[in-house]
Protein chains: 4
Amino acid sequence: MIVMETQDLKLAPEFSVSQWFNSDEDISLAKLKGKNVIIYAFQLLCPACVSHSIPQAKKLEQVLDEDTVLLGLHTVFEHHDAMGPEVLQSFLYENKVRFPVGVDAYEANSLTPKTMTSYQMRGTPSMIIINKEGQVIRHFFGVVDDLELGLLLGKLK
Amino acid sequence: MIVMETQDLKLAPEFSVSQWFNSDEDISLAKLKGKNVIIYAFQLLCPACVSHSIPQAKKLEQVLDEDTVLLGLHTVFEHHDAMGPEVLQSFLYENKVRFPVGVDAYEANSLTPKTMTSYQMRGTPSMIIINKEGQVIRHFFGVVDDLELGLLLGKLK
Amino acid sequence: MIVMETQDLKLAPEFSVSQWFNSDEDISLAKLKGKNVIIYAFQLLCPACVSHSIPQAKKLEQVLDEDTVLLGLHTVFEHHDAMGPEVLQSFLYENKVRFPVGVDAYEANSLTPKTMTSYQMRGTPSMIIINKEGQVIRHFFGVVDDLELGLLLGKLK
Amino acid sequence: MIVMETQDLKLAPEFSVSQWFNSDEDISLAKLKGKNVIIYAFQLLCPACVSHSIPQAKKLEQVLDEDTVLLGLHTVFEHHDAMGPEVLQSFLYENKVRFPVGVDAYEANSLTPKTMTSYQMRGTPSMIIINKEGQVIRHFFGVVDDLELGLLLGKLK
């Protein structure tokens, strides 16, 4: 259905996360080797993230098997003061987000945070799908169609 | 279509607003006498407000005539630290909200803000419709159907 | 909100209907003088009619007051053999349409039926709104937004 | 993600189709051995089929690979006179359905057609998914969620 050429795929860069919510311990790609990983990158003030991506992620969480891990990544590239960790915590509570969400780390002199930069994300929402070998299989920018996403995830080994 | 008995209607209490966005001057019901007023009460972290109420308000703004004024009211009754005026300002920018939005005033020792209390709102989103005589015609809690809302507003004198 | 200039409005042409469903007697504009009339013109094989117009008409039926009459009009301008009255009857049953629906009359040598022609409808779905004086107030072609429709109908005297 | 136990699966019964649309030749499960097969069973007067199933099938058609075949099956179990092959042909044209659609055969003295009976379908829309070995993997009745469907189809070998 969707052919994924795993040759020539790039290794996914490690996360740079300053804080994790909904997780007792730090999460890293290194620890997740052997699992498929889905990363939902969002900003809490991004309307399409609230209306589409977060609900889709929550729906997806219900149907994923043990081989696949769902993570959120709060990639703030504007209005940094308005979207700090305290606001994010309330956002996750109000949106009933139970899966782990990391705060993308950023340096004071840079607008774009580190993980967002290393993955060359163009904005939010973005979705990155990483296979068990730690390779980036797909990189979406914008709202992703449910049927297309399901077909892609179903193909994951 | 929808019968509005204007007898026995209560006068709408005056706003208690600590700050207005998208308006150069203070807005009060007293100044708006002679206009119909639609108040969208919301919280920026309330998912249904972002997905439904704000888009509906923006759509409504396009079709209202000069006799009707559309106002937002940020009624924070939880997570006060996470939804301060700076966050609201960024929220309005990201959601492209151009109509005036007031910050419902609250006292330090009270969770529920003043206007929300005086209107006995049960939560967000809420919508209050006030006629030209300053009387509360309808009070909605939750998402309001477009067709029902249009019929109601079309009936306003 | 929506200004309707009633000057210069055209009188709505009388219906040419060969058969009525969901009505024990013939319906005519002449008999309906003094009522507002909403006409939903559709074809039973038109996808947008099934997905949008029929559900909207059914929703509208629940909220109209006694001064306004809702009518369907089956305006077949193609596939005449496939959309005869027997098929329409089953269609109305399956779609739970309870309001009166007329079959737009047509002559054997003409593709477009008579009422559709006299109202210069461009296709389906179309919606015609007629005021109590029998004047055409609005003529929509395509799917009509709920909020816009509500505002317009609310304004009807 | 969704575990499909292929042991104990039943062999899909052969189609009983009186006529095929959008196909120059007869289609049978026997000929399709070695392909996955998705059957959308519908009735042209069934509102959920028009609003959900046909659009979903058309969307699916765009993303399926060569190993999977999409078929429609017109399973008329009521209003037989209103949903004959001529009406179906116009329906397929109006709904821009390009994939093959079979007319489920039925005997004069039976309401439910033959394939519908042999698959024990409960109504429309129904969806049957058959694997390359000709076994029924899933049987849905009602509207199927896009994400769930995609995950299931992605898992097909």
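Residues numbered from 1 in each chain as written. Chains lettered and ligands numbered in written order. Predicted model: local features only at pLDDT ≥ 70, side-chain atom pairs only at ≥ 80, totals over all residues. Heavy atoms only, no water.

**Q** What is the right way to look at the overall build of chain A in this model?
**A** For chain A, the count of helices and strands is five helices and six strands. Each helix and strand of chain A, placed in order from N terminus to C terminus, yields the pattern β-α-β-α-β-α-β-α-β-β-α. A globule of 157 residues ought to have a C-alpha radius of gyration of about 15 Å, and chain A, at 15 Å, matches this closely. Across its three principal directions, the C-alpha atoms of chain A cover 45 × 30 × 30 Å. Expressed as a percentage of its 157 residues, the buried residues of chain A come to 55%. Taking as baseline every contact in chain A between residues at least 6 positions apart, the subset at least 24 positions apart corresponds to 72%. (Helix = DSSP H or I, 4+ residues; strand = E, 2+ residues; numbered from the N terminus. Rg over C-alpha atoms; globule rule 2.2 N^0.38 Å. Buried < 20%, exposed > 50% of the residue type's maximum accessible area, 1.4 Å probe, protein only. Contact = heavy atoms within 4.5 Å.)

**Q** Any chance you could explain the relation of the copies chain A and chain D here in plain terms?
**A** Comparison of the two chain copies shows a relationship of rotation about an axis with a shift along it. Superposing chain A onto chain D takes a rotation of 179 degrees combined with a translation of 0.0 Å along the rotation axis, leaving an RMSD of 0.0 Å. Expressed as a symmetry operation, the mapping of one chain copy onto the other fits a two-fold axis. Comparing interface residues between copies, 100% of those in chain A also lie at the interface in chain D; the contact surface is shared. (Least-squares fit on C-alpha atoms with pLDDT ≥ 70 in both.)

**Q** Could you clarify how one ought to interpret the pairing of strand β4 (residues 101-104) of chain C in this entry?
**A** Residues in a regular strand project their side chains so that they alternate between the two faces of the sheet. All names here are of chain C. Burial along β4 is two-sided: V101 and V103 and G102 and D104, pointing in opposite directions, are all buried. For strand β3 (residues 68-74) and β4, the ladder comprises three bridges, and the chain directions are parallel. Bridging across to β4, L73 finds its partner in G102. (Pairing = 2+ DSSP bridges.)

**Q** How should I be thinking about the packing of helix α2 (residues 47-63) of chain D against helix α5 (residues 146-155) of chain D in this particular structure?
**A** Helices that pack against each other are described as a pair by the angle of their axes relative to one another and the distance between those axes. All names here are of chain D. Relative to each other, α2 and α5 sit at 40 degrees, their axes nearing to 12 Å. In terms of their interaxial angle, α2 and α5 are classed as oblique. As α2 runs across α5, the sense of the crossing is right-handed. Of the residues in α5, those in contact with Q56, K59 and L60 of α2 are D146, L149 and L153. (Axes fitted to C-alpha atoms, helices over the stretch in contact; angles between N-to-C directions. Parallel < 35°, antiparallel > 145°, perpendicular 65-115°, else oblique. Left-handed = near helix turned anticlockwise from the far one by under 90°.)

**Q** Would you mind going over the interface of chain A and chain D with me for this structure?
**A** Opposite the 17 residues of chain A that make contact, chain D presents 17 residues. In this assembly, chain A and chain D are joined by four salt bridges. Remark: the boundary between chain A and chain D carries four residue pairs in polar contact (both at pLDDT 80 or more). Of all elements in the fold, only α2 (47-63) and α5 (146-155) of chain A reach the threshold of two or more residues within the side of chain A that touches chain D. (Salt bridge = Lys/Arg side-chain N within 4 Å of Asp/Glu carboxyl O. Polar contact = N/O pair within 3.5 Å; in protein donor to acceptor, adjacent residues only side chain to side chain.)

**Q** Is there a simple way to think about the sheet that holds strand β4 (residues 101-104) of chain D in this case?
**A** As a general point, the strands of a sheet are linked pairwise by backbone hydrogen bonds and lie either parallel or antiparallel. Residue and element names in this part refer to chain D. The strand order across the open sheet built from six strands is β1-β4-β3-β2-β5-β6, with neighbouring strands paired in mixed fashion. The open sheet is flanked by β1 (17-21) and β6 (136-141), the only strands paired with a single partner. Averaged over all pairs of adjacent strands, the angle between strand axes in this sheet comes to 20 degrees, irrespective of strand direction. Of the strand pairs in this sheet, β1 and β4 are connected by four bridges, and their pairing is antiparallel. Looking across to β4, one finds that Q19 is bridged to V103. Where α2 meets the sheet, its contacts fall on β2 (36-42), β3 (68-74) and β5 (126-130), and the angle it forms with β2 comes to roughly 160 degrees. The sheet contacts of α5 involve β2, β5 and β6, and relative to β6 the element is tilted by about 170 degrees.

**Q** Where do I start with the sheet that holds β3(C) in this structure?
**A** Residues and elements named next belong to chain C. Strand order in this open sheet of six strands is β1-β4-β3-β2-β5-β6, and the pairing throughout is mixed. The open sheet is flanked by β1 (17-21) and β6 (136-141), the only strands paired with a single partner. Pairwise comparison of adjacent strand axes, ignoring direction, gives a mean angle of 20 degrees for this sheet. Direction of pairing for strand β5 (residues 126-130) relative to β6: antiparallel, over a ladder of five bridges. Each residue of the ladder has a partner; that of I128, found in β6, is H139. Helix α2 (residues 47-61) contacts β2 (36-42), β3 and β5 of the sheet and is inclined by roughly 160 degrees relative to β2. Across the sheet, helix α3 (residues 85-94) lies against β1, β2, β3 and β4, angled at about 30 degrees from β1, the strand it touches most.

**Q** Would you take a moment to explain the pattern of salt bridges for this structure?
**A** A side chain with one charge may pair with a side chain of the opposite charge, provided their charged atoms come close. Under the defined criterion, the tally for this structure stands at 24 salt bridges over all chains. The residue B:E107 makes a salt bridge to B:K114 at a minimum N-O spacing of 3.7 Å. Its relative accessible area of 42% is what places B:E107 among the partly exposed residues. The network of salt bridges with common partners includes A:K59, A:D146 and D:D145.

**Q** Mind showing me how you'd approach the pairing of β3(C) here?
**A** All names here are of chain C. With respect to burial, β3 is a largely interior element, seven of its seven residues being buried. Of the two faces of β3, the one carrying T68, L70, G72 and H74 and the one carrying V69, L71 and L73 are both buried. Here seven bridges tie β2 to β3, and the two strands are oriented parallel to one another. The residue bridging V37 from the neighbouring strand is V69, located in β3. Between the parallel pair β2 and β3, the chain is carried across by α2, and the sense of this crossover is right-handed. (Right-handed = clockwise from strand over helix to strand, strands pointing away.)

**Q** Looking at this structure, how should I read the state of the cysteines?
**A** Disulfide: a covalent bond formed between the sulfur atoms of two cysteine residues. All names here are of chain B. Applying the stated rule across the entire model yields four disulfides over all chains. Here C46 engages in a disulfide with C49; their sulfurs sit 2.4 Å apart. With the S-S dihedral at roughly 80 degrees, the linkage between C46 and C49 falls on the right-handed side. Just as C46 is buried, C49 falls in that class too. (Disulfide = S-S within 2.5 Å.)

**Q** Looking at this model, I keep getting lost on the side chain of C:S90. Mind explaining?
**A** Position of C:S90 among the secondary structure elements: in helix α3. Among the residues examined, C:S90 registers a relative accessible area of 9% and is labelled buried. Those residues within four positions of C:S90 in sequence are excluded, and the remaining contacts are D:L45, D:H79 and D:A82.

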